[in-house]
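Examination of the molecular architecture
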Amino acid sequence: MKVKKYSLVAVGGTFDRFHKGHRRLLDEAFRVGNTVMIGVTSDEFASAKGDDIEPCSVRMKNLEEYLSDKDTEYHIMRLEDPYGTTVTDERFDAIVVSRETEPVAHEINEIRKRKGFRELDIITIDMVPADDGIPISSTRIRRGEIDRMGHLLERIRHAIKRKRNK
């Protein structure tokens, strides 16, 4: 088995409408880390994004289902703020983020530096594009623009309509 680069890796998010982009983010964390700490925004913290976010318990269950076949040690915890334990636990080596959330990783490193902790290596992944080239996001899924794999729902609706009219 290939030796992984980092002992303890952080990754976090809302993980609402668990989609292909979330899978990519998590897969990268599991690729580089021996242990992965996954922070999931609490219901209270996520409510700032809107009131149609899935409950934290559902989002955590979706994560557990996806991670059930991983052979890397991992822990899932609730996040009450953007930083979680990355600013209180010196043991973290790296954090995996999307381009969208990379600024938070830099904030985490500033806080760690002020506390005398070693800065985290920041591993940034590109957003995963939907079929139209625009990044997959939970917001787009909630709006009914795309499905969780990034397929355009309008295109699917038109195809079904054409099939029915034949």
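This text goes with the structure placed above it.
Residues numbered from 1 in each chain as written. Predicted model: local features only at pLDDT ≥ 70, side-chain atom pairs only at ≥ 80, totals over all residues. Heavy atoms only, no water.

1. Re the side chain of Thr41
- Checked against the element boundaries, Thr41 lands in strand 2 (residues 33-41).
- In this structure Thr41 comes out as buried when scored by relative accessible area, which is 6%.
- In this structure Thr41 touches Gly13, Thr14, Ala46, Cys56, Arg59 and Leu79, once residues within four positions along its chain are discounted. (Helix = DSSP H or I, 4+ residues; strand = E, 2+ residues; numbered from the N terminus. Buried < 20%, exposed > 50% of the residue type's maximum accessible area, 1.4 Å probe, protein only. Contact = heavy atoms within 4.5 Å.)

2. Some thoughts on the side chain of Asp16
- Considering the arrangement of structural elements, one finds Asp16 in the loop between strand 1 (6-13) and helix 1 (20-32).
- At 2.9 Å, the side chain of Asp16 forms a polar contact with the backbone nitrogen of Glu54.
- Not counting residues within four places of it along the chain, the set of residues in contact with Asp16 comprises His22, Asp52, Ile53, Glu54, Arg59, Ser138 and Arg142. (Polar contact = N/O pair within 3.5 Å; in protein donor to acceptor, adjacent residues only side chain to side chain.)

3. Some thoughts on the sheet that holds strand 4 (residues 94-98)
- Pairing is parallel in the open sheet, where five strands are placed in the order 3-2-1-4-5. Edge positions in the open sheet fall to strand 3 (73-79) and strand 5 (121-125), since each of these has one partner strand only. Strand after strand, the sheet turns through a mean of 25° between neighbouring axes, direction not considered.
- Two elements, strand 2 and strand 3, share seven bridges in a ladder whose sense is parallel. (Pairing = 2+ DSSP bridges. Axes fitted to C-alpha atoms, helices over the stretch in contact; angles between N-to-C directions.)

4. Side note on the environment of Asp93
- Looking at the secondary structure, you find Asp93 in the loop between strand 3 and strand 4.
- Its relative accessible area of 17% is what places Asp93 among the buried residues.
- On a C-alpha basis, the gap between Asp93 and Gly33 in space is 8.9 Å, while along the polypeptide they are 60 residues apart.
- Excluding its chain neighbours within four sequence positions, the residues that come into contact with Asp93 are Tyr6, Ser7, Leu8, Arg118, Leu120 and Asp121.
- Within polar-contact distance, the side chain of Asp93 engages the side chain of Arg118 at 3.2 Å.

5. Describing the pattern of salt bridges
- Tallied over the full model, the rule gives 18 salt bridges.
- A salt bridge links Asp16 to Arg17; its shortest N-O distance comes to 2.7 Å.
- A relative accessible area of 1% places Asp16 in the buried class.
- Its salt-bridge partner being Arg59, residue Asp43 comes within 3.3 Å of it at the nearest N-O pair. Remark: Arg59 occurs in helix 3 (residues 56-67) and Asp43 occurs in helix 2 (residues 43-46); sequence separation between them is 16 residues.
- Here the salt bridges share partners, and the residues they tie into one network are Asp16, Arg17, Asp52 and Arg142. (Salt bridge = Lys/Arg side-chain N within 4 Å of Asp/Glu carboxyl O.)

6. Let's talk about the packing of aromatic side chains
- This structure, assessed with the given rule, holds two aromatic pairs.
- For the ring pair Phe18 and Tyr66, a centre distance of 5.4 Å and an interplane angle of 50° mean the geometry is tilted. Of this pair, Phe18 sits in the loop between strand 1 and helix 1 while Tyr66 sits in helix 3; the two residues are 48 residues apart in sequence, bridging distant segments of the chain. In this pair, the class of Phe18 matches that of Tyr66, namely buried. (Phe/Tyr/Trp six-rings, centres within 6.5 Å; stacked < 30°, edge-to-face > 60°.)

All we've got here are geometric facts, nothing functional implied.
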